[in-house]
Amino acid sequence: MTSTVLIFGPGYSAAPLMEKAKKAGWQVFATYRDARKQAGLEQDGYGTVDFSTGKAEAIVSDAPLHILTSIAPGDKGDSVLNAWKNWLEQQTNIATIQY
């Protein structure tokens, strides 16, 4: 079964891990906040998820789901947990969550 990874904040720190996972045959999805970032991710062969939706409908799999967030908390707390809490709580296949 192919593993899947969802990357929140696919920037400088996460890029090498994304590439390594893709080369290992994983399904790699990354969040974006603007169309230019989305286009770049898709051009590089990654699945994309609009961060503002708070859900990843593009990920349709019972395979183990690994989550990596490289978005630092801000003045209002953790933006990933604030926006994605409901979706994360509904997932039954989360294997790991990494910061």
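This text goes with the structure placed above it.
Residues numbered from 1 in each chain as written. Predicted model: local features only at pLDDT ≥ 70, side-chain atom pairs only at ≥ 80, totals over all residues. Heavy atoms only, no water.

Which parts of the structure should I look at to understand the side chain of Asp-78?
The residue Asp-78 is located in the loop between strand S4 (65-69) and helix H3 (79-90) in this model. Summary of buried charges: Asp-78 has no salt-bridge partner, and the nearest side chain of opposite charge, Arg-33, is 8.3 Å away. In this structure the side chain of Asp-78 is engaged in a polar contact, spanning 2.8 Å, whose partner is the backbone nitrogen of Val-80. Every residue in contact with Asp-78, bar those within four places of it in the chain, is listed here: Pro-73 and Tyr-99. (Helix = DSSP H or I, 4+ residues; strand = E, 2+ residues; numbered from the N terminus. Buried < 20%, exposed > 50% of the residue type's maximum accessible area, 1.4 Å probe, protein only. Lys, Arg positive; Asp, Glu negative; His and termini not counted. Salt bridge = Lys/Arg side-chain N within 4 Å of Asp/Glu carboxyl O. Polar contact = N/O pair within 3.5 Å; in protein donor to acceptor, adjacent residues only side chain to side chain. Contact = heavy atoms within 4.5 Å.)

In this structure, what is going on with the packing of aromatic side chains? I would like to understand it.
One pair of aromatic rings is described through two measures. These are the centre distance and the angle between the planes. Tallying each qualifying case throughout the model produces four aromatic pairs. Here Phe-8 and Trp-84 contribute two aromatic rings whose centre-to-centre distance is 5.0 Å and whose plane-to-plane angle is 80°, an arrangement assigned as edge-to-face. Taken together, the residues Phe-8 in strand S1 (residues 4-8) and Trp-84 in helix H3 connect sequence positions 76 residues apart. On the accessibility criterion, Phe-8 (0% relative accessible area) is buried. Each ring, one from Phe-51 and one from Trp-84, has its centre 6.2 Å from the other, and the planes form 50°; the classification is tilted. Pair noted here: Phe-51 is in the loop between strand S3 (47-50) and S4 and Trp-84 is in helix H3, with a separation of 33 residues, a long-range link. For Phe-51, a relative accessible area of 6% puts it in the buried group. For Trp-84, a relative accessible area of 0% corresponds to the buried category. (Phe/Tyr/Trp six-rings, centres within 6.5 Å; stacked < 30°, edge-to-face > 60°.)

Nothing here speaks to function; it is all geometry.
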